[in-house]
Structure formats: C-alpha cells, structure tokens
Amino acid sequence: MGDAVESTAASAPGKCILFGEHAVVYGQPAVAVAIEQRLTVTMTPASSWSVDGSPLNSKKHPHIMMLKEALMSKDTPMALRVSGDIPNASGLGSSAALSAAVGAAMHHLSAEHEALDNDRLSALAHLAEAHAQNGRASPMDASTSVEGGVVLLSNQREERGDWLYTRRLATPEGERTWEVHALPAAADDIYLVLGNTGVHAPTARQVAMVANALSAEPHRMQEIKAIGTVARRGIEALIRGDYEAVGHAMSENHLLLRNLGVSSPELEDLIQAATPTSLGVKLTGAGGGGCMVALTRDPKTTSEAIELAGGRVLISRLGNAGVRLDSQS
Ligand code: MEV
C-alpha cells in the first residue's frame, strides 16, 4: 500500500451542562455530561480541501483550519462530510464535537500508528473554541466531547473526581487555570430531556455580554460565585446519586443564570412547561436561546409538555462515549 491515503470517519458527542455555565469561564466549578447525540465527520482523499462541498475557508471553518495546521504534517487534500443529530448554535457543544471528531480523523490520517491522545486532542479543541469566543472559553465543551461520560471542571484538584489534566488560557481578564476531572456517575432511570427553542444565540456574544456586565458592575462577581456554590452542592448530590437534590441544584442554578441576564422568553416558556414533571430544569450552555434541559424520570411526559410549548425535543441518558474513530477503509 505504501503511502496510499485512506478515508476515515470519526464521531464525537455533544454535551449538556448540568451546573456552572458562564461561571466556569471565571474559574467556578461546573459539570457537563456527554449526550447520546453525536456529530460524525468522514474525510476522503480529494483534489482540494472542502467541507460539505464548499471550499475550506478560514472564516467559515476556523476550527477545521486550525486543526489541519496543527495535525496534518503533509497537506493531503480531503473532502469532509459532516452529519449527525446535534443542532448547531444551540448550547449542545456542536462546535467542540466538530473539533473533536475532525481532530481524531486528522490524527489518524497523519499518525496512524500512534494512539489517540485525548489530552492533546482536547487541548487543541479548547484552543479552537477560545479562538471562536474571543479568548474567553472554558475547556468544558472540548473536554466533554473528547472524554465522554461526566466531566467536572474546577479551579482546584477535586478529591471526588478522577483528575485528567490542567488547562491554562490567557483571557482578556487574565490567565485562567482549570483542573479537568472525570466524575463517576450513572443512573438507569434518569433522563435528560433537551428542549430546543430554535433561537440561535452565538456563545461568543453571550460570553461577551456577561464579561461586559461584570466589568460595568464588578460587584456582580458575587452572582458568579453564587453559581459556583450551587454547582458544588449539585456535584455532591451527583456523586451521592441523589437525583432529587441534583434537580434542585439545577433549578436554583437556572434562577441565578436568569438574574445574570442569559435566559430568554423562549427558554422560560419551555422551562415552565417542563417543571411539573421534572426533578430540575435550567437553560444549558450559553443561553439567550438554544436549549433548556430537564432532568426527569418520565421523559415521555416531559417531552410532550416541551413540544406543546413549542420546543423541539432530544432525549439522552447521562454520560455517553467520547470521541472515537468509527471506520477506516
Ligand atoms: C458554553 O457551552 C458554556 C459557557 O460557559 C462558555 C464556556 O464555558 O466556554 C457559556
């Protein structure tokens, strides 16, 4: 076969944040779970680089461009096809899943015999997210998509989680450090029902809005710290397997996010509809639109309520597989 170039497919999960979005950008603890919904990328040798039939372009595909420069030692042109069931720009980590899957496929093509290195892959995916979010991005989405399962971020090493690695980033507000852990958490009869408002809200805009609010009114950092306190309570409950308490912490976390100004009328409608049949409800991700999440033992009734209120629904169990190579030919 010599140097013959092969096709490769890789997939990565989206994520749902249970506690701590926005506050995690400022070093507070947060937890995300990998969801069942995945993004798949196939890469096939071609005469020039393309993504779903359009030429690869640094403005349209900044994540892919960055990964190509970091991972493809030889510039062997590839046609990329992206598919899957993670809605775009909806708070479910579709861009990190794209980075994770593209990174895994590129790594395989250029370093076939080396094992996939999750630490390096998630670091690259984090840098791609940071680039897209004007330098303000936690490693939450990237690490959850790469590692799968349940991921805990904190500004300190936590005894309760399995420590994976440290991430550092120079943000406009100074250098940040996150300790990334895997959390053991599994539950057979608990579901996440994700309700999509259909309103696209760019993460960069939402993150910048919070940064502006904090710089105009520095005392509001108390609100960020309060999210951290609630997240800590939620993490303890998750480790104990006390899903009633997990739900309480999620709903409390939502009220703090709403005060911070990152909810929206559409999110509030879906949250209100899901509340009676859920253990807990909150927006998930950057907010302003996108998705809410309900933690429930009755996914059918909760889904129906969200759909009646105008939301599109996805159902997932907690903690799914991380990035993986799906096929090579
Ligand atoms: C986005 O999924 C979560 C935010 O906390 C941003 C970040 O962590 O980079 C809003």
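In case you missed it, the structure is sitting above this.
Summary of the structure given here. If you're wondering where the values come from, they're calculated on a predicted model, not measured in any experiment.

Here's the deal with the site of the ligand
- Taken together, 13 residues form the shell around the ligand, and within it Lys 15, His 22, Gln 133, Ser 138 and Asp 141 come nearest.
- Within the contact set of the ligand, an oxygen atom lies 3.0 Å away from a side-chain nitrogen or oxygen of Lys 15.
- Note that an oxygen atom of the ligand is positioned 2.6 Å from one of the side-chain N or O atoms of Ser 138.
- For the ligand, the protein covers 98% of the area, taking 300 Å² as the surface of the free molecule.
- Given that more than half its atoms are within 2 Å of the pocket grid, the ligand belongs to the largest pocket.
- For the shell around the ligand, a count of residues per class yields six nonpolar, four polar and three charged.

Thoughts on the packing of aromatic side chains
- Under the criterion given, the structure shown has zero aromatic pairs.
- The cationic tip of Arg 157 hangs over the ring face of Trp 163; the distance from NZ or CZ to the ring centre is 3.5 Å.
- The ring of Tyr 165 has Arg 167 sitting right over it, with the charged end atom 4.0 Å from the ring centre.

A few points about the pattern of salt bridges
- This model, assessed by the stated rule, comprises 16 salt bridges.
- With its nearest N and O atoms 3.1 Å apart, the salt bridge here joins Asp 119 to Arg 167. Placement of the pair is Asp 119 in helix H3 (residues 118–132) and Arg 167 in strand E7 (residues 162–171), with a sequence separation of 48 residues.
- We classify Arg 167 as buried; its relative accessible area is 7%.
- Residue Arg 232 pairs with Glu 158 through a salt bridge whose shortest N-O separation is 2.9 Å. Here Arg 232 is found in helix H6 (residues 221–240), whereas its partner Glu 158 is found in the loop between strand E6 (150–154) and E7, with 74 residues between them in sequence.
- A residue is classified by how much of its surface remains accessible, and Arg 232, at 32% relative accessible area, is partly exposed.
- The class of Glu 158 is buried, set by a relative accessible area of 14%.
- One continuous salt-bridge network, built from bridges that share partners, spans Asp 189, Glu 244 and Arg 297.

Focus on the layout of surface pockets
- Of the voids in this model, the largest pocket is the one considered here, and its volume is about 980 Å³.
- For the largest pocket, the lining is made up of 44 residues, of which His 63, Ala 89, Ser 94, Ser 95 and Glu 129 are closest to its centre.
- Residues of the lining of the largest pocket, tallied by class, amount to 21 nonpolar, 15 polar and eight charged.

Digging into the state of the cysteines
- Here the structure, examined in full by the defined rule, presents zero disulfides.
- The structure places no disulfide on Cys 16, whose sulfur is separated from the nearest cysteine sulfur, that of Cys 291, by 8.4 Å.
- Looking at Cys 291, the relative accessible area reads 1%, which means it is buried.

Overview of the environment of Leu 256
- Assignment of secondary structure puts Leu 256 in helix H7 (residues 243–260).
- When the C-alpha atoms of Leu 256 and Ile 224 are compared, they prove to be 8.4 Å apart, with 32 residues separating the residues in sequence.

With respect to the pairing of E7
- Here E7 runs beside strand E8 (residues 174–182); their pairing, made up of nine bridges, is antiparallel. Paired with Asp 162 across the two strands is Ala 182, which belongs to E8.

Overview of the pairing of strand E2 (residues 30–45)
- Note that strand E1 (residues 8–19) and E2 share 10 bridges and pair antiparallel. Directly across from Cys 16, in E2, lies its bridge partner Val 33.

A few points about the sheet that holds strand E12 (residues 312–317)
- Ordered by their spatial adjacency, four strands build an open sheet running E10-E11-E9-E12, and the pairing between neighbours is antiparallel. Across the chains shown, the open sheet's two edge strands, defined by having one partner strand only, are strand E10 (280–284) and E12. Each neighbouring strand pair of the sheet contributes to a mean axis angle of 25 degrees, computed without reference to strand direction.
- As paired strands, strand E9 (residues 191–196) and strand E11 (residues 291–296) are joined by six bridges and run antiparallel to one another. Bridging from a neighbouring strand, Gly 195 pairs with Met 292 of E11.
- With respect to the sheet, helix H8 (residues 265–274) is in contact with E9, E10 and E11, its orientation differing from that of E11 by roughly 10 degrees.
- Lying on the sheet, helix H9 (residues 299–308) is in contact with E9, E11 and E12; it crosses E9 at an angle near 10 degrees.

What to know about the environment of Asn 88
- Mapped onto the fold, Asn 88 is located in the loop between strand E5 (78–84) and helix H2 (94–110).
- Asn 88 gets classed as exposed once you look at its relative accessible area, which sits at 52%.
- Ignoring any residue separated from it by four or fewer positions in sequence, one finds Asn 88 in contact with Ser 94 and His 200.

What counts and what doesn't
Residues numbered from 1 in each chain as written. Predicted model: local features only at pLDDT ≥ 70, side-chain atom pairs only at ≥ 80, totals over all residues. Heavy atoms only, no water. Near = heavy atom within 4 Å. Polar contact = N/O pair within 3.5 Å; in protein donor to acceptor, adjacent residues only side chain to side chain. Areas by Shrake-Rupley, 256 points an atom, 1.4 Å probe, with all protein chains shown as cover. 1 Å grid on protein atoms, 1.4 Å probe; cavity = no way out; pocket = protein on both sides within 12 Å on 5 of 7 lines; lining within 4 Å. Sits in = over half its atoms within 2 Å of the grid points. Nonpolar A, V, L, I, M, F, W, Y, C, P; charged D, E, K, R; others polar. Phe/Tyr/Trp six-rings, centres within 6.5 Å; stacked < 30°, edge-to-face > 60°. Lys NZ or Arg CZ within 6 Å of the ring centre and 35° of its normal. Salt bridge = Lys/Arg side-chain N within 4 Å of Asp/Glu carboxyl O. Helix = DSSP H or I, 4+ residues; strand = E, 2+ residues; numbered from the N terminus. Buried < 20%, exposed > 50% of the residue type's maximum accessible area, 1.4 Å probe, protein only. Points joined across faces, edges and corners; volume = space filled by probe spheres on them. Disulfide = S-S within 2.5 Å. Pairing = 2+ DSSP bridges. Axes fitted to C-alpha atoms, helices over the stretch in contact; angles between N-to-C directions. Contact = heavy atoms within 4.5 Å.

Purely spatial values, then, with no claim about function.
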